[in-house]
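# Analysis of the macromolecular model
Residues per chain, in single letters:
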Amino acid sequence: MPANHITEAKIVYPIHERTRFCGALPYQADMHANNHQVRLLQWGVGTGKTQWGAVESEVNMARFPGMYGLIVAPTYRMLKDATIPKIQATLDAFRKVNGFSLVSHWHKSDMVLSVIGGGEVRLRSSDDPDKIRGPDYAWAWFDEASMMSNQDMIWDITTSRMRAVADPRIWITTTPRGNDGMLRHVHEQIAAGNPHYTY
């Protein structure tokens, strides 16, 4: 099937099917099905936070065809050692189930995934915030956010770029330790009753 003929309806199948083949536990599947714009996952070590974020990235590559997505980890080393392997495994699982890949090319030197239909996913480190600037994003994932430097700056830069769609998505995966920067902001918004935020 030519990439330019693949539409969201042809890519996205029900959430429970998508999470089933990734081995999602009930609490992980519930958060995948959650439709809030901003989701905070402060789960303990070994609970599948990065796996969850990788699956959710795949969901949003399909949900927003032709758009830009953003993935941020504390350092490039953490991206290469933890985040990227989970993304690759999730994309491999998708390809085995569906018979085609969501990603047409992996530009390793630029840390960019080209998505079928024209979209891109940029993988960036929080210690290099200027590289987040540029395109308007439809979705963003912050992995291990409690370990990030410049949390407030990263949050402000990213949220100022979430203009590609009317209903952009942000999710944050991290351990329960720490409540600074973007984590504090999310907790404050939830406490204030903002209906777009949840954990």
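Placed above this text is the structure.
The structure contained in this document is the topic of the report that follows. (Residues numbered from 1 in each chain as written. Predicted model: local features only at pLDDT ≥ 70, side-chain atom pairs only at ≥ 80, totals over all residues. Heavy atoms only, no water.)

We now examine the overall build of the protein. On a plain count of helices and strands, the protein comes out with seven helices and eight strands. Of all 199 residues assigned to the protein, the portion counted as buried reaches 47%. For the protein, the share of sequence-separated contacts (at least 6 apart) that also reach a separation of at least 24 residues comes to 70%. Of the roughly 9,100 Å² of accessible surface on the protein, 51% is carried by carbon and sulfur atoms. (Helix = DSSP H or I, 4+ residues; strand = E, 2+ residues; numbered from the N terminus. Buried < 20%, exposed > 50% of the residue type's maximum accessible area, 1.4 Å probe, protein only. Contact = heavy atoms within 4.5 Å. Areas by Shrake-Rupley, 256 points an atom, 1.4 Å probe, with all protein chains shown as cover.)

For the rest of this paragraph, the subject is the packing of helix H4 (residues 49-63) against helix H5 (residues 76-98). The packing of two helices is summarised by the inter-axis angle and the distance between the axes. It is the contact of H4 with H5, at a shortest axis distance of 9 Å, that shows an interaxial angle of 55 degrees. Judged by the angle between their axes, H4 and H5 are oblique. Handedness of the H4/H5 crossing: right-handed. Along the contact surface, H4 presents Thr50, Gln51, Ala54, Val55, Glu58 and Met61, while H5 presents Ala82, Thr83, Lys86, Ile87, Thr90, Leu91 and Phe94. (Axes fitted to C-alpha atoms, helices over the stretch in contact; angles between N-to-C directions. Parallel < 35°, antiparallel > 145°, perpendicular 65-115°, else oblique. Left-handed = near helix turned anticlockwise from the far one by under 90°.)

Quick look at the packing of aromatic side chains now. Applying the stated criterion across every chain yields a total of three aromatic pairs. Note on Phe142 and Trp155: the rings are 6.1 Å apart at their centroids and 40 degrees apart in plane angle, and the pair reads as tilted. With Phe142 in strand S6 (residues 137-143) and Trp155 in helix H6 (residues 151-160), the pair connects residues that are 13 residues apart, well separated along the chain. Trp155 shares its class with Phe142; the two are buried. (Phe/Tyr/Trp six-rings, centres within 6.5 Å; stacked < 30°, edge-to-face > 60°.)

With that settled, the discussion passes to the nonpolar core. Counting residues in hydrophobic clusters, the biggest one holds 28 residues, and the most contacted among them are Met61, Ile71, Ile87, Leu123 and Trp139. Residue assignment for this core shows that the elements contributing at least two residues are H4, strand S2 (68-73), H5, strand S4 (112-115), strand S5 (120-125) and S6. Discounting residues that sit within four places of it in the chain, Met61 has contacts with Leu91, Leu102, Val103, Leu113, Val115, Val121 and Trp139. Membership of the second largest hydrophobic core comes to 20 residues, among which are Val38, Val72, Ile170 and Met182. (Core = buried A, V, L, I, M, F, W, Y, C linked by side-chain atoms within 4.5 Å.)

Turning to its location among the elements, Asp180 is positioned in the loop between strand S7 (169-174) and helix H7 (181-191). The spatial distance from the C-alpha of Asp180 to the C-alpha of Gln151 is 7.6 Å, given a sequence separation of 29 residues.

Right, let's talk about the side chain of Thr174 for a bit. Tracing the backbone through its elements, the reader meets Thr174 in strand S7. Under the relative-accessibility criterion, Thr174 is labelled buried at 0%. Of the polar contacts made by the side chain of Thr174, one reaches the side chain of Ser146; its length is 2.9 Å. Those residues in contact with Thr174, other than ones at most four positions away along the chain, are Leu40, Leu41, Gln42, Trp43, Lys49, Glu144, Ala145, Ser146 and Leu183. (Polar contact = N/O pair within 3.5 Å; in protein donor to acceptor, adjacent residues only side chain to side chain.)

Moving on, we get to the side chain of Asp143. On the secondary structure map, Asp143 appears in strand S6. Notably, Asp143 is buried but unbridged: the nearest opposite-charge side chain belongs to Lys49, and the N-O separation is 7.0 Å. Only 3.0 Å separates the side chain of Asp143 from the side chain of Thr83, close enough to count as a polar contact. Sequence-distant contacts of Asp143, defined by excluding residues within four places in its chain, comprise Thr50, Val72, Ala73, Pro74, Thr83, Met148 and Thr173. (Lys, Arg positive; Asp, Glu negative; His and termini not counted. Salt bridge = Lys/Arg side-chain N within 4 Å of Asp/Glu carboxyl O.)

Moving on, we come to H6. For H6, the complete set of buried residues consists of Gln151, Ile154, Trp155, Ile157 and Thr158. Where H6 is buried, its residues meet strand S1 (38-42), S2, S6, S7, H7 and strand S8 (197-198).

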